[in-house]
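# Residue-level structure breakdown
Here is how the chains run, residue by residue.
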Amino acid sequence: MRISDRYVIRETLSPFFFGVAAFTGIYLASDLVFSISGLIARGAASALDVAKLFLYKLPEVVRLTFPMSILFASLLSMSKLSSTGELVAFRACGLSVARLAFPALIFSFAVFLCSLFIGEALVPISSRAQFLLTNRILNRTEAWLKGDDLVQQRHSADGLELVHIGSLRDELIRDIVVVEIRNDGEIWITRADEAIWDSGGWYYRRGSTIVISPEGLSRVVQDGENAAVPSTTLKFEGIYRKLPIQDSPKSLAAVGQDSRPESMTYYELKARIDSLRERGVSPSRIRKDEVDLYTKIALPFSSIVFALIGLPLGIHRARTGSSIGFGLSILIILVYYVIMTLGRAMGESGDLPPVIAAWLANLVIGGVGVYLLASADR
């Protein structure tokens, strides 16, 4: 590694870590503090709960501040080299601006990889833990919290089948209600405590089936009042018969689990999308998940994009101080997120393919950065 490379990296590190601390502090102060203050005001959150919430939120916040900090560091490092005349000296030695920017771009690539690791290994775990803790504090039920309720509609040779699943745990599902509207006019309503996965299928155990004849409910006189009772009720114990669900436990888990993208890894979200496609869900209903999937790569990659635009802008603004550099960083970040929001909206509405929608801000800002960097030596 050249001396110039080490020098540029050293000049980049200090403002980068300052940016991480500053942007993280701003985010925590503006967003998380208000959320936590609401819990404290209700008297539901202890000091330990507050500390845990801060800790659980930190990986996601740090991942979001990495690209911003790269932009801030790129602006300040090149601005300093330009204002002190060191940039002129380097160029007099035959080093182009692009060559001087190369170690900073390598550093931004390392930050991109680090962001990917945090987003895949830490953020889903911490986000889920934060969600669980928040809902425990608010005394929300586990059924609501896990969002496990799953309803399937399926046409079979015998008629129409509607399946409701209360919860899924590995190879066991609980609180099942199956309504079968058969071609012969009978309606079978089965309620089961649980079903198990065995030999490639789900099987009921412990529950009952109500069979309603095509003529409807029988009318009987009871205690002087008319009361409607089912035609037939069958009770069963043990493994009874196959549940009309084709999905494996893994496929069901991909659909039934907490669907927030920040609580899922790239491959978990992809499995969810694939499962929804297999179930015949319309493309319009899974576009948001697809945009979220590609954003999991596009957002960390913005570290490289911000380096591309921050380095040449830092050169052109030779007298940029830390306060001006910070303000310029905020402005560029605002433009980036406006474009990203527009791209997401167009992707979810179907006006753009999801992959283009997720990468739109990177393509626009990165294109401007490449142009500015290429013209910096002119």
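Residues numbered from 1 in each chain as written. Predicted model: local features only at pLDDT ≥ 70, side-chain atom pairs only at ≥ 80, totals over all residues. Heavy atoms only, no water.

### Notes on a nonpolar patch on the surface
A cluster of nonpolar side chains, namely Leu331, Leu334, Val335, Val338 and Leu342, defines an oily patch on the protein surface of about 450 Å² accessible area. Here Val338 lies in helix H9 (residues 322-349). Under the relative-accessibility criterion, Val338 is labelled partly exposed at 44%. (Patch = residues over 30% accessible without salt bridge, like charges linked within 9 Å, V, L, I, M, F, W, Y side chains within 5 Å. Areas by Shrake-Rupley, 256 points an atom, 1.4 Å probe, with all protein chains shown as cover. Salt bridge = Lys/Arg side-chain N within 4 Å of Asp/Glu carboxyl O. Helix = DSSP H or I, 4+ residues; strand = E, 2+ residues; numbered from the N terminus. Buried < 20%, exposed > 50% of the residue type's maximum accessible area, 1.4 Å probe, protein only.)

### With respect to the environment of Leu76
Considering the arrangement of structural elements, one finds Leu76 in helix H2 (residues 47-83). Between the alpha carbons of Leu76 and Pro15 there is a distance of 7.0 Å; along the sequence they are 61 residues apart.

### With respect to the pairing of strand S4 (residues 187-198)
In this structure, strand S3 (residues 172-182) lies alongside S4, joined through nine bridges in antiparallel fashion. Residue Leu172 lies in a different strand from S4, and its bridge partner there is Ile196. In this structure, the hairpin formed by S3 and S4 is closed by a connection of four residues, where Gly185 is found at a positive phi of approximately 100°. (Pairing = 2+ DSSP bridges.)

### Topic: the pattern of salt bridges
By the definition in use, this model includes 11 salt bridges. Of the charged contacts in the structure, one is a salt bridge between Glu60 and Lys57, with a shortest N-O distance of 3.2 Å. Within this pair, Glu60 and its partner Lys57 are both found in helix H2, separated by three residues, close to a single helical turn. One salt bridge connects Arg272 with Asp289, and the closest N-O pair in it is separated by 3.0 Å. Residue Arg272 is found in helix H7 (residues 266-278), and its partner Asp289 is found in helix H8 (residues 283-316); the two are separated by 17 residues along the sequence. Like Asp289, Arg272 is buried. Salt bridges linked by common partners bring Lys270, Asp274, Arg277 and Glu290 together as one network.

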